[in-house]
Amino acid sequence: MIGLTIGCALACAVLVVAEWRGRAILRIVAKLVASTALVILGRHAFDLGHDPGRVQFARAIFAGLVLGAIGDACLLGAGKRWFVAGLVAFLFGHVAYVVGIWMIEPAGRWCGDAGWFAVVPIGAGLAVLGALWPRLGALRLPVIAYVVTISLMVIAAIAAARGAALPAPNRCRLVVGASVFFGSDLAVAR
């Protein structure tokens, strides 16, 4: 797993350099290598035993990773059609993450005493939507659906972190991962 992690990190570094220097082929290869490494790493990282809820959680998270890799591949294409295909793949990936978290932390427990944590992702999502609104045109509904879904993913991750379904270090990692994904996606949208 360490080799895959290092390989993914190196591919991401190469991707940044390729983007910066305008190297199209290197960009494509680096992005596909990084995405593939993440999917393989995700498959190995979810050895959570035989508890049915955790197995379903692992499968949903893995499905989200695969959909994210498909989204990355789509975004390598040029034009609105590829952008929308990537957006839809990532949207379904985030839905898979939300469903996975729901498998271990039912949605009925997401608000409760922790509901005020939802203010940050909802506020950030609304701020980005407000800034993007004048330029969204025909993409308004898909972008709204996307922002709602990634906000819900962060809220779900926070709820899971407050629960006991995952071991303590994994709870923190889930929130950090969801938050970084959220921030990254909102930055890309901008």
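Numbers given for residues are sequential positions, taken from 1 along each chain in its written order. Given that the model is predicted, a residue must reach a pLDDT of at least 70 before its local features are reported, and side-chain atom pairs must reach 80 or more before they are shown or counted; all residues, however, enter totals for whole chains, interfaces and linings. Heavy atoms from the whole structure form the basis of all side-chain values; hydrogens and water molecules are not counted.

Enquirer: Teacher, can you tell me more about the overall build of the protein chain here?
Expert: Secondary structure counts use DSSP, requiring at least four H or I residues in a row for a helix and at least two E residues in a row for a strand, with both numbered from the N terminus. For the protein chain, the helix and strand inventory stands at 7 helices and 0 strands. For the protein chain, the α and β elements follow one another from N to C terminus as α-α-α-α-α-α-α. The size measure is the radius of gyration over C-alpha atoms, and the globule rule it meets is 2.2 Å times the number of residues to the 0.38 power. What you see for the protein chain is a C-alpha radius of gyration of 17 Å, in line with the 16 Å of a compact globule of 190 residues. For the protein chain, the spread of C-alpha atoms along the three principal axes comes to 45 × 45 × 20 Å. Relative to its full complement of 190 residues, the protein chain shows a buried share of 38%. Surface accessibility of the protein chain: about 10700 Å² in total, with carbon and sulfur atoms responsible for 72%. The convention is simple: Lys and Arg are positive, Asp and Glu are negative, and His and the chain ends are not counted. Working definition for charges: the position is that of NZ of Lys, CZ of Arg, CG of Asp or CD of Glu. Considering the protein chain, the positive charge centre built from 16 side chains and the negative charge centre built from 7 side chains are found 10 Å apart. Partly exposed residues are those whose accessible area sits between 20% and 50% of the maximum for their type, while under 20% is buried and over 50% is exposed, using a 1.4 Å probe and protein chains only. Note on areas: these come from Shrake-Rupley sampling with a 1.4 Å probe, and a residue is covered only by the protein chains present in the view.

Enquirer: Would you mind going over helix α1 (residues 2-21) with me for this structure?
Expert: Residues spaced three or four apart along an α-helix face the same direction, because each turn holds 3.6 residues. Here a helix's expected span is defined as the number of its residues, less one, multiplied by 1.5 Å. Over its 20 residues, α1 extends 28 Å from the first C-alpha to the last, a length consistent with the 28 Å expected when each residue adds 1.5 Å. One or two steps after α1, the chain reaches Gly 22, where phi turns positive at roughly 70°.

Enquirer: How should I be thinking about the side chain of Asp 72 in this particular structure?
Expert: As for its placement among the helices and strands, Asp 72 is situated in helix α3 (residues 52-75). Among buried Asp, Glu, Lys and Arg side chains, Asp 72 stands out as unpaired, with Lys 31 the closest opposite charge at 4.3 Å. Ignoring anything within four residues of it in the chain, the contact list for Asp 72 reads Lys 31, Ser 35 and Phe 90. Salt bridge, as used here: a side-chain nitrogen of Lys or Arg that lies within 4 Å of a carboxyl oxygen of Asp or Glu. Contacts are assigned to residue pairs that have any heavy atoms within 4.5 Å of one another.

Enquirer: Where do I start with the packing of helix α4 (residues 80-104) against helix α6 (residues 140-162) in this structure?
Expert: The relative placement of two packed helices comes down to the angle between their axes together with the axis-to-axis distance. For the pair α4 and α6, the least separation of the axes is 9 Å and the interaxial angle reads 25°. When the interaxial angle is binned, α4 and α6 end up roughly parallel. Relative to α6, α4 is oriented so that their crossing is left-handed. Every residue of α6 that contacts α4 at Leu 87, Phe 90, Leu 91, His 94, Val 95, Tyr 97, Val 98 and Ile 101 is listed here: Pro 142, Ala 145, Tyr 146, Thr 149, Ile 150, Leu 152, Met 153, Ala 156, Ala 157 and Ala 160. Under the convention adopted here, Pro, Cys and the residues Ala, Val, Leu, Ile, Met, Phe, Trp and Tyr are nonpolar, Asp, Glu, Lys and Arg are charged, and Gly plus all remaining residues are polar. Class assignment of the residues belonging to the contact of α4 with α6 gives a composition of 16 nonpolar, 2 polar and no charged. Think of each axis as a best-fit line through the C-alpha atoms, taken over the contacting stretch in the case of a helix, with angles from 0 to 180 degrees between the N-to-C directions. Here the word oblique covers every angle except those under 35 degrees (roughly parallel), over 145 (roughly antiparallel) and from 65 to 115 (roughly perpendicular). Helix crossings are classified by the rotation of the near helix relative to the far one: an anticlockwise turn of less than a right angle makes the crossing left-handed, while a clockwise turn makes it right-handed.

Enquirer: Looking at this structure, I do not really get a nonpolar patch on the surface. What am I missing?
Expert: Exposure above 30% relative accessible area and the lack of any salt bridge qualify a residue for a patch; like charges then connect within 9 Å, and the nonpolar side chains Val, Leu, Ile, Met, Phe, Trp and Tyr within 5 Å. On the surface, Val 88, Phe 92, Val 95, Val 99 and Trp 102 cluster together into a nonpolar patch covering about 420 Å² of accessible area. With respect to the helices, strands and loops of the structure, Val 88 is situated in helix α4.

Enquirer: I tried to follow the state of the cysteines on my own but got confused; where do I start?
Expert: Only a pair of cysteine sulfur atoms within 2.5 Å counts as a disulfide in this structure description. Taken as a whole and judged by the stated rule, the model has 0 disulfides. With no disulfide partner, Cys 8 has as its closest neighbouring cysteine sulfur the one in Cys 12, 4.4 Å distant.

Enquirer: What is the right way to read the environment of Met 153 from this model?
Expert: Residue position: Met 153 is located in helix α6. Not counting chain neighbours up to four residues away, the residues in contact with Met 153 comprise His 94, Tyr 97, Val 98, Ile 101, Ala 178 and Phe 181.

Enquirer: Is there a simple way to think about the packing of helix α5 (residues 119-136) against α6 in this case?
Expert: Relative orientation of the contacting elements α5 and α6 amounts to 165°, with a least axis distance of 10 Å. As far as their axial angle goes, α6 and α5 are roughly antiparallel. At the point where α5 passes α6, the crossing takes the right-handed sense. Residues Pro 121, Ile 122, Gly 125, Leu 129, Trp 133, Pro 134 and Leu 136 of α5 lie in contact with α6, whose contacting residues are Arg 140, Val 143, Ile 144, Val 147, Ser 151, Val 154 and Ile 155. Class assignment of the residues belonging to the contact of α5 with α6 gives a composition of 11 nonpolar, 2 polar and 1 charged.

Enquirer: Got a minute to help me understand the pattern of salt bridges in this structure?
Expert: When their charged atoms lie close together, side chains carrying opposite charge are able to pair. Here the structure, examined in full by the defined rule, presents 1 salt bridge. Put simply, Glu 19 and Arg 27 hold a salt bridge, and the shortest N to O gap is 2.7 Å. According to the relative accessible area criterion, Arg 27 is buried, its value standing at 19%.

Function cannot be read off these values alone, since they describe shape.
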